[in-house]
Amino acid sequence: MRLEPIANPTLARTLGFPVIALALTVLAGSLLAMLAGANPFATLGLILKGAAGSRFALLETLNRATPLIFTGLAVAVAFRAKLWNIGAEAQLYAGAVMAVLLGTGALGWPSGLLLPAMAGAAMLAGALVLLGPALLKVRFGVDEVVTTLLFNFVVLLFVSMLLEGPLKDPMGMGWPQSSRLIPEARLPRIVEGLRLHWGFALALISALVVWVIQSRTTLGYEMRAVGQNRQAAEFAGIPVGRVILKTALLSGGLAALAGFSEVAGLKGNLTLDISPGFGYTGIIVAMLALLNPLGVVVSAIFVAGVFVGADSMSRAAGVPTYIANIMLATALLTMVPAIALTRFRVRRG
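Residues numbered from 1 in each chain as written. Predicted model: local features only at pLDDT ≥ 70, side-chain atom pairs only at ≥ 80, totals over all residues. Heavy atoms only, no water.

1. A closer look at the nonpolar core
Okay, step 1: Counting 97 residues, the largest nonpolar core has Ile69, Met118, Phe260 and Leu270 as the members making the most contacts within it.
Okay, step 2: At 13 residues, the largest contribution of residues to this core is made by helix 3 (residues 55-80).
Okay, step 3: Leaving out residues up to four positions away in the same chain, Leu270 has contacts with Tyr93, Ala96, Val97, Val100, Val159, Leu163, Pro176, Gln177 and Ser178. (Core = buried A, V, L, I, M, F, W, Y, C linked by side-chain atoms within 4.5 Å. Buried < 20%, exposed > 50% of the residue type's maximum accessible area, 1.4 Å probe, protein only. Helix = DSSP H or I, 4+ residues; strand = E, 2+ residues; numbered from the N terminus. Contact = heavy atoms within 4.5 Å.)

Here is the structure:
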């Protein structure tokens, strides 16, 4: 069995396979709702209503999508060059720590200078967290899947130590949390009175910048070349090791922006549960988008909508929110092959 590229896929093929994948995802959610004793059609309607049925619901979905865009971009950038970054969670927390260190009033800068400094410091911290595994891969051939995954636990334990020690809020009544950011260090709300903040706009700009880098720059060409065939890239004179290190710096910095936006835009301080797995979910987001930076935005909004809608559905219908996790897993397992089959046909022999 082999895959043969299709020069001009038909409209039916282009739309048919993704529609089948979406139908299978809906079917999986419906069956689970039935097993839970709920009406499957009503349950799916509640998910849609909870995700986009009102202005408040839609803005909550976009707010939930913000960190997923950053972590999805981080994964997409790294995977494009076959740098398997499984440590976006660690890079997110590194960015959050830097946001707290600079945003609690130590500098005394106005917001016009403080917010860019916080974002830049967060990106630097995230980049350095991924630089270590990238150097081990380039110099010694160490598997970055293992090192980046283990860094998630190392960084989380380090953050726990900070929140029980140097960063602990003296007014926090003993809870492991940092002091709150000063007003100048907070990202303003896009809509007054609601939680959506300007971190979402920063995420959209980041997606556009990454798309330009990947499609219009020499670095983007080198990243694609290294990802498609490392040996051929070396033979062509591309400095593979240097490209991997640059990719690591960009990927780690993007993931750290998720931590910065959550602290400065939403939470206002740092806690151990600031991320309910945004770094890991970013892998799903990137894969659903087929590593396309602009597709990451759409994918992140879809994933966020499923989670937000499932939370609303659970309260209204008494159905467990774990249905959302299974729907996303089904979407990943069906949509990625479906999109591949729109551009390739299976041949025997």
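2. Quick word on the pattern of salt bridges
Opposite charge on two side chains permits them to pair, given that their charged atoms come into close proximity.
Okay, step 1: The final tally for this structure, using the stated rule, is 8 salt bridges.
Okay, step 2: Between Glu4 and Arg2 there is a salt bridge, and its shortest N-O distance comes to 3.7 Å.
Okay, step 3: Put simply, Arg2, Glu4, Arg345 and Arg347 are held in one network by salt bridges that share partners. (Salt bridge = Lys/Arg side-chain N within 4 Å of Asp/Glu carboxyl O.)

3. Comments concerning the packing of aromatic side chains
Okay, step 1: Across all of its chains, the model carries 1 aromatic pair by this definition.
Okay, step 2: Ring plane angle 70° and centroid distance 4.9 Å describe the contact between Phe79 and Trp84, whose orientation is recorded as edge-to-face.
Okay, step 3: The exposure class of Phe79 is buried, given its relative accessible area of 9%.
Okay, step 4: Judged by relative accessible area, which is 33%, Trp84 ranks as partly exposed. (Phe/Tyr/Trp six-rings, centres within 6.5 Å; stacked < 30°, edge-to-face > 60°.)

4. What about the side chain of Asn269?
Okay, step 1: When you line up the elements, Asn269 lands in the loop between helix 10 (240-267) and helix 11 (278-288).
Okay, step 2: Classification of Asn269 by relative accessible area gives buried; the value is 8%.
Okay, step 3: Excluding its chain neighbours within four sequence positions, the residues that come into contact with Asn269 are Gln177, Ser178, Ser179, Arg180, Leu181, Val263 and Ile274.

5. Some thoughts on helix 12 (residues 293-317)
Okay, step 1: Here helix 12 spans 36 Å end to end across 25 residues, near enough to the 36 Å set by a 1.5 Å rise per residue.
Okay, step 2: One or two steps after helix 12, the chain reaches Gly318, where phi turns positive at roughly 70°. (Expected span 1.5 Å × (residues − 1).)

6. Observations concerning the packing of helix 7 (residues 199-216) against helix 10
Helix-helix packing: each pair is described by the crossing angle between the helix axes and the interaxial distance.
Okay, step 1: The contact between helix 7 and helix 10 brings their axes to 10 Å, and the two run at 170°. It follows from the interaxial angle that helix 7 and helix 10 lie roughly antiparallel. Seen from helix 7, the contacting residues are Gly199, Leu202, Ser206, Val210 and Ile213; seen from helix 10, they are Leu250, Leu254, Leu257, Phe260 and Ser261.
Okay, step 2: Per-class residue counts for the contact of helix 7 with helix 10 are 7 nonpolar, 3 polar and no charged. (Axes fitted to C-alpha atoms, helices over the stretch in contact; angles between N-to-C directions. Parallel < 35°, antiparallel > 145°, perpendicular 65-115°, else oblique. Nonpolar A, V, L, I, M, F, W, Y, C, P; charged D, E, K, R; others polar.)

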